[in-house]
Amino acid sequence: MSPLIIYEKKFRLESKGWIAYRCPNCEKVQPFMCADNVRTEHLYYVLDVTEKKVGEVLTCGFCLMSLSLEKGTTIKVDPDWTPEDGLQVLADRTNPELGRIETDSGRTDAERRAVMRAVCAAASTLTTEAGPGMGLGALAGAGLGTLVGWGFHATGWSGYPQEDMFKPMVIAGAVGLALGALVGAWLWGRRRTRKLMRKVLREFMERHDLDPEKLWNAYCADSEGIQKIAPVLEAMRSERSSDSFDG
Ligand SMILES: [Zn+2]
């Protein structure tokens with residue numbers, strides 16, 4: 001028996017510092033974290049590992065959107081920069097072509113929408129799995145369908161002879177089971193997606209001290225591509241208004 005040889009290819013990010021860059025998502029200059037994208041190739045049994053830098057990945061420090069730079073692109077990175085140094089210092093050191101940049105600490109609506117786009121993108125990475133919603137929906141649907149079948153039969157609408165009670169019950173039960181499974185899976189998926197969006201949005205809000213009302217205003221000004229976030233935002237706003245009412 002010949003040994004099984006497995007070839008494995010992986011990518012690893014190696015952080016190297018910061019660079020000032022114009023974020024297409026935030027529509028303004030932001031500090032970007034820069035990392036080397038390193039490809040490792042591993043051949044089991046030969047135990048030979050090769051590593052190769054295949055490019056650079058820049059991640060916006062505000063909205064976390066990532067950009068891939070091809071190998072060979074020359075950029076200057078500052079390994080020692082900290083947010084306290086200020087964005088202008090980073091721009092002067094790493095990307096002087098940007099010149100004088102707007103360093104007003106106030107957030108723009110474009111930045112708020114960038115965060116909302118990031119939240120929607122995080123939700124779209126969720127794999128669609130039915131979870132317990134499908135089973136629960138099927139169970140409820142089958143029960144309800146059976147009852148409906150029985151009701152139709154009892155009132156004489158099923159068209160089956162009086163003694164043939166089980167047929168309409170089984171048919172209606174099966175239809176109810178299929179419909180219930182579909183509705184249950186959909187509701188479960190929606191609930192799971194909204195829960196994840198809420199969690200990611202809350203993290204962004206805490207990290208950047210974002211206000212739900214201002215997010216809502218930015219959403220109303222332009223909601224293209226981020227409509228999915230509306231119920232999550234509305235829930236947060238109503239919670240906040242009831243909080244302030246209580247105390
Ligand atoms: Zn950004």
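Below is a short write-up of the structure. Quick caveat, the model's predicted, so the values are computed rather than measured.

Observations concerning the overall build of the chain
Next up, step 1: In terms of helices and strands, the chain carries six helices and four strands.
Next up, step 2: Walking the chain from its N terminus toward its C terminus, one meets helices and strands in the order β-β-β-β-α-α-α-α-α-α.
Next up, step 3: The C-alpha atoms of the chain give a radius of gyration of 28 Å, which is well past the 18 Å a tight globule of 247 residues would have.
Next up, step 4: Seen through its C-alpha atoms, the chain measures out along the principal axes to roughly 90 × 75 × 30 Å.
Next up, step 5: Looking at the 247 residues of the chain, the share that counts as buried comes to 26%.
Next up, step 6: Look at the contacts in the chain between residues 6 or more apart in sequence, and 66% of them connect residues 24 or more apart.

Section: unusual backbone geometry
Next up, step 1: Notably, L64 is not glycine yet its phi reads approximately 70°, a positive angle.
Next up, step 2: Inspection of the secondary structure assignment puts L64 in the loop between strand 3 (48-60) and strand 4 (66-70).
Next up, step 3: Look at L64 and you get partly exposed, because 19 C-beta atoms sit within 10 Å.

Digging into helix 2 (residues 109-124)
Next up, step 1: For helix 2, spanning 16 residues, the distance from its first C-alpha to its last is 23 Å, which sits close to the expected 22 Å at 1.5 Å a residue.
Next up, step 2: Taken together, the buried positions of helix 2 are occupied by E111, R112, R113, A114, V115, M116, A118, V119 and A123.
Next up, step 3: Where helix 2 is buried, its residues contact strand 2 (28-43), helix 4 (166-208) and helix 5 (212-221).

Regarding the nonpolar core
Next up, step 1: Residues I19, C63 and V119 are the most contacted members of the largest nonpolar core, which totals 32 residues.
Next up, step 2: Mapped onto this core, the elements with two or more residues apiece are strand 1 (7-23), strand 2, strand 3, helix 1 (87-94), helix 2, helix 4, helix 5 and helix 6 (230-246).
Next up, step 3: Sort the elements by how many residues they give to this core and helix 2 lands first, with six residues.
Next up, step 4: The residues that make up this core include at least three from each of domain 1 (7-105) and domain 2 (131-241).
Next up, step 5: Excluding its chain neighbours within four sequence positions, the residues that come into contact with C63 are C23, N25, C26, A114, V115 and A118.

The rules we used
- Residues numbered from 1 in each chain as written.
- Predicted model: local features only at pLDDT ≥ 70, side-chain atom pairs only at ≥ 80, totals over all residues.
- Helix = DSSP H or I, 4+ residues; strand = E, 2+ residues; numbered from the N terminus.
- Rg over C-alpha atoms; globule rule 2.2 N^0.38 Å.
- Buried ≥ 20, exposed ≤ 12 C-beta atoms within 10 Å, placed from the backbone.
- Contact = placed C-beta atoms within 7 Å.
- Expected span 1.5 Å × (residues − 1).
- Core = buried A, V, L, I, M, F, W, Y, C linked by C-beta atoms within 7 Å.
- Domains from an automatic or database assignment.

Coordinates in, geometry out; function isn't part of it.
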